[in-house]
Amino acid sequence: MDVLIHVFVALHIIGIASLLGGFLTQMKAMGAGTARFVPAMLHGALTMLVTGVALVGLNQADDNPVNNIKIGVKLLLLVVVLALVYIKRDEEKVDKGAFSAVGGLTLANIFIATLWT
C-alpha cells in the first residue's frame, strides 16, 4: 500500500507543478495584460483533484491519520482554482485579478500542504 501511496503523491506533485508552471510561464504576459489559462493549468488542477481524493482514500484505508480540516481547506482552494481555470479557459485574455487569484491560491495550497502539521 505504501508504494501506491507514494505513486499518487508523485502524481499529485506533477499536477501542482503543471498548474504552477503554467501560471509562471504566463507571468510576463500578465504584466502585458495578455495572460491566459493554458491547458497545462487545467490538467494540473484536475490531476491534483483526482490524486488528492485518491490519497485521502488510500491513507484512510491504510489506517494512516488524515487531518480532515486541512484536507477540506485544500479541497476548497483547489475547487476555486479549478472553477476559475475551467470557466475562463477559452478566453484569449484573463483579467489580472482572476489570474493572480489562481497563482495565489495555488501557492497557498502548497504552503498549507507543507507547513500545516
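What comes next is a walk through the structure. Keep in mind that what you see is a predicted model, and the values were worked out from it rather than measured. (Residues numbered from 1 in each chain as written. Predicted model: local features only at pLDDT ≥ 70, side-chain atom pairs only at ≥ 80, totals over all residues. Heavy atoms only, no water.)

## Section: the nonpolar core
Here comes step 1: Of all hydrophobic cores here, the largest spans 20 residues; its most connected members are Leu19, Phe37, Met41, Val85, Phe99 and Val102.
Here comes step 2: When neighbours within four sequence positions are excluded, valine 102 is seen to be in contact with Leu19, Phe37, Met41, Val81, Leu84 and Val85. (Core = buried A, V, L, I, M, F, W, Y, C linked by side-chain atoms within 4.5 Å. Buried < 20%, exposed > 50% of the residue type's maximum accessible area, 1.4 Å probe, protein only. Contact = heavy atoms within 4.5 Å.)

## Considering the packing of helix α3 (residues 39–61) against helix α4 (residues 68–87)
Here comes step 1: At their nearest, the axes of α3 and α4 sit 9 Å apart, and the two run at 160° to each other. Accordingly, the angle class assigned to the pair α3 and α4 is roughly antiparallel. Judged by the sense of rotation from one axis to the other, the crossing of α3 with α4 is left-handed. For the pair α3 and α4, the contacting residues are Met41, Leu42, Ala45, Leu46, Met48, Leu49, Val56 and Gln60 in the first and Asn68, Ile71, Leu75, Leu78, Leu82, Val85 and Tyr86 in the second.
Here comes step 2: Along the lines of polarity and charge, the residues of the contact of α3 with α4 split into 13 nonpolar, two polar and no charged. (Axes fitted to C-alpha atoms, helices over the stretch in contact; angles between N-to-C directions. Helix = DSSP H or I, 4+ residues; strand = E, 2+ residues; numbered from the N terminus. Parallel < 35°, antiparallel > 145°, perpendicular 65-115°, else oblique. Left-handed = near helix turned anticlockwise from the far one by under 90°. Nonpolar A, V, L, I, M, F, W, Y, C, P; charged D, E, K, R; others polar.)

## With respect to the packing of aromatic side chains
Here comes step 1: Going through the model one piece at a time under the given rule, you end up with two aromatic pairs.
Here comes step 2: An angle of 25° between the planes, with centres 4.9 Å apart, marks the rings of phenylalanine 23 and phenylalanine 99 as stacked. Highlighted residues: phenylalanine 23 in helix α1 (residues 2–25) and phenylalanine 99 in helix α5 (residues 96–115), separated in sequence by 76 residues.
Here comes step 3: Ring geometry for phenylalanine 37 versus phenylalanine 99: centroids 5.4 Å apart, planes at 25°, classification stacked. Here phenylalanine 99 lies in helix α5 and phenylalanine 37 lies in the loop between α2 (27–32) and α3, a separation of 62 residues in the sequence. Each member of the pair, phenylalanine 37 as well as phenylalanine 99, carries the same accessibility label: buried.
Here comes step 4: Feature note: the residues Phe23, Phe37 and Phe99 constitute an aromatic cluster, connected by ring pairs.
Here comes step 5: The cationic tip of arginine 89 hangs over the ring face of tyrosine 86; the distance from NZ or CZ to the ring centre is 4.0 Å. (Phe/Tyr/Trp six-rings, centres within 6.5 Å; stacked < 30°, edge-to-face > 60°. Lys NZ or Arg CZ within 6 Å of the ring centre and 35° of its normal.)

## So, unusual backbone geometry
Here comes step 1: In this structure, aspartate 63 takes a positive phi of about 60° despite not being glycine.
Here comes step 2: Along the polypeptide, aspartate 63 turns up in the loop between α3 and α4.

## Focus on the layout of surface pockets
Here comes step 1: The calculated volume of the largest pocket comes to roughly 700 Å³.
Here comes step 2: As for the largest pocket, its lining consists of 24 residues, and the residues nearest its centre are His12, Gly52, Leu55, Ile71 and Lys74.
Here comes step 3: Every element with two or more residues in the lining of the largest pocket is listed here: α1, α3, α4 and α5.
Here comes step 4: The leading source of residues in the lining of the largest pocket is α3, at seven residues.
Here comes step 5: The residue inventory of the lining of the largest pocket, partitioned by class, reads 16 nonpolar, six polar and two charged. (1 Å grid on protein atoms, 1.4 Å probe; cavity = no way out; pocket = protein on both sides within 12 Å on 5 of 7 lines; lining within 4 Å. Points joined across faces, edges and corners; volume = space filled by probe spheres on them.)

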